[in-house]
Structure formats: structure tokens, C-alpha cells
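# Fold and contact review
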Amino acid sequence: MLYGIGCDLCEVARMEKSLSGAHGPAFVRRVFGPAEQAALGLGAEAEPWPAGRASAHKAASAAADFAAKEAFLKAAGTGLAAPFSLCEIEAVRLPSGAPNYRFSGKTAEWVAAHHLTAKLSLSHDGGMALAFCTLEQLPPET
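Since the model is a prediction, treat every value here as computed from it, not as a measurement.

As enumerated under the stated definition, the model contains eight aromatic pairs in all. Their ring planes at 45 degrees and their centres at 4.9 Å tell us that Phe72 and Phe103 sit as a pair that is tilted. Taken together, the positions of Phe72 in helix H4 (residues 56-76) and Phe103 in strand S3 (residues 99-103) put the pair 31 residues apart, joining distant regions of the chain. Judged by its relative accessible area of 0%, Phe72 falls in the buried class.

This is the structure:
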């Protein structure tokens, strides 16, 4: 049964500015989980991205990952409120390349307590990244 749907857009240039600014490392720690940081080359010891160094593809991927977090929060119907933390909502890629969610911490507990499964679709073009999330309630275990 459908629990909720959410959609979000994120401007790639705005994401690149957030990553390349003086507060880039703090932004990365607050927003992106470990798998996302690794995939984007934004490790804990990473320096802020100089604007010319960030590849267009990485900036677009970071924007899509951010949009995925916002789309999930909209599908959950809560916005960014307890128990959610952005870094606990990760947009990861399956071996096939398909996007998928990985939840941790209190967010994972909330998803499990509500018996939900999440589906994710991502796209980026023309300087914008889009994420679409559906949350489906699993049938009760018998």
C-alpha cells in the first residue's frame, strides 16, 4: 500500500557552491552519509572543493543525492524533523547502477517501525537534479 510520495529539485550550481565554500567540510558531514561521501570523493578529511575542480558530474550527483533526501522527507510527510537526520538518508547506487536508499540510525528505526520500503528515481539535466521517492507500506508479517 502506498504510504507517501515525494519529489524534489536541486540546482547543481547551488550544490557546487555549498561544497566549494569555506563551510564545505561541515556541510558534507551534516548532509552526506559515509557511502555518499566515498562515492563523491568527499571523505571526512576532504578539503573544500575549489569551484574549478568539482566535475560537473560529481556536482550533479551530489545535487541528486541531496534531492533524494528531501524527496524522502516529503514522502514521509514530516519534513526535516526528529527523528530524521540528512546524513542518515543516503542515496546509493546498486551494482546495476540503479539508485536506492540506505537508511541508518534513527531514520532506519523509523522506516522499520512503519514497515516501509522506499523506491528512488534520480535524474539531472540542464543544471537541475531531480529525485522522486515512493514509500510503500509492507504487508504485516503473519
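What describes two packed helices is the angle between their axes and the distance between those same axes. The contact between helix H1 (residues 12-20) and helix H2 (residues 24-31) brings their axes to 6 Å, and the two run at 115 degrees. Overall, the two elements H1 and H2 adopt an arrangement that is roughly perpendicular. Where H1 approaches H2, its residues Met15, Ser18 and Leu19 are matched on the opposing element by Gly24, Phe27 and Val28. Looking at the contact of H1 with H2 residue by residue, the class counts come to four nonpolar, two polar and no charged.

For His115, which is not glycine, the phi dihedral falls at a positive 55 degrees. With respect to the helices, strands and loops of the structure, His115 is situated in the loop between helix H5 (105-113) and strand S4 (116-125).

By the element assignment, Arg93 lies in strand S2 (residues 89-93). Relative accessible area serves as the criterion here: at 39%, Arg93 is assigned to the partly exposed category. Residue contacts for Arg93: discarding those within four places in its chain leaves Ser61, Asp65, Ala98, Pro99 and Leu122. From its side chain, Arg93 meets the backbone oxygen of Ala91 in a polar contact 3.1 Å long.

Below, the discussion takes up the pattern of salt bridges. Applying the stated criterion across every chain yields a total of four salt bridges. The residue Asp8 makes a salt bridge to Lys74 at a minimum N-O spacing of 2.8 Å. Linking Asp8 in strand S1 (residues 2-11) with Lys74 in helix H4, this pair joins segments that are 66 residues apart in sequence. For Asp65, the salt bridge identified is with Arg93, shortest N-O distance 2.9 Å. Highlighted residues: Asp65 in helix H4 and Arg93 in strand S2, separated in sequence by 28 residues. The class of Asp65 is buried, set by a relative accessible area of 3%.

It is worth spelling out the sheet that holds S1 at this point. In spatial order, the strands read S1-S5-S4; together these three strands make up an open sheet with antiparallel pairing. Where the open sheet ends on each side, the last strands, each with one partner, are S1 and S4. Sheet twist, expressed as the average angle between the axes of neighbouring strands with direction ignored, equals 10 degrees. Pairing of S4 with strand S5 (residues 128-137), which is carried by ten bridges, proceeds in the antiparallel orientation. Paired with Leu120 across the two strands is Cys133, which belongs to S5. Strands in contact with H1 are S1 and S5; relative to S1, the strand with the most contacts, it is inclined by about 75 degrees. The strands that H4 touches are S1, S4 and S5; relative to S1, the one it contacts most, it runs at about 145 degrees.

Basis of the calculations
For every chain, the first residue of the written sequence is number 1, and numbering continues from 1 along that sequence. Reporting in this predicted model follows two pLDDT cut-offs: at least 70 for local features of residues, and 80 or more for side-chain atom pairs to be given and counted; totals over whole chains, interfaces and linings ignore these cut-offs and use all residues. Only hydrogens and water are set aside when side-chain values are computed; all heavy atoms of the structure are taken into account. Centre distance within 6.5 Å is the pairing criterion for rings of Phe, Tyr and Trp, where only the six-membered ring of Trp is used; planes under 30 degrees apart are then read as stacked, over 60 as edge-to-face, and the remainder as tilted. Labels follow the DSSP assignment, with helices taken as runs of H or I lasting at least four residues and strands as runs of E lasting at least two, numbered in each case from the N terminus. Partly exposed describes any residue whose relative accessible area lies between the buried limit of under 20% and the exposed limit of over 50%, with all areas from a 1.4 Å probe on protein chains only and scaled to the type maximum. Axis definition: a line fit to C-alpha positions, over the contact stretch in the case of helices; interaxial angles, taken between N-to-C directions, run 0 to 180 degrees. Oblique is the label for any angle not under 35 degrees, not over 145, and not in the 65 to 115 range, which are roughly parallel, roughly antiparallel and roughly perpendicular in turn. Contacts are residue-level and defined by heavy atoms, with any inter-residue pair within 4.5 Å sufficient. Each residue gets one label: Ala, Val, Leu, Ile, Met, Phe, Trp, Tyr, Cys and Pro are nonpolar, Asp, Glu, Lys and Arg are charged, and the others, such as Gly, are polar. Between N or O atoms, a polar contact is any pair within 3.5 Å; within protein, one atom must be a potential hydrogen donor and the other a potential acceptor, and residues adjacent in sequence are included only when both atoms are from side chains. Here, a salt bridge means any Lys or Arg side-chain nitrogen found within 4 Å of an Asp or Glu carboxyl oxygen. A pair of strands is considered paired only if DSSP assigns at least 2 bridges between the two.

In short, the description is geometric, and any link to function would need to be established separately.
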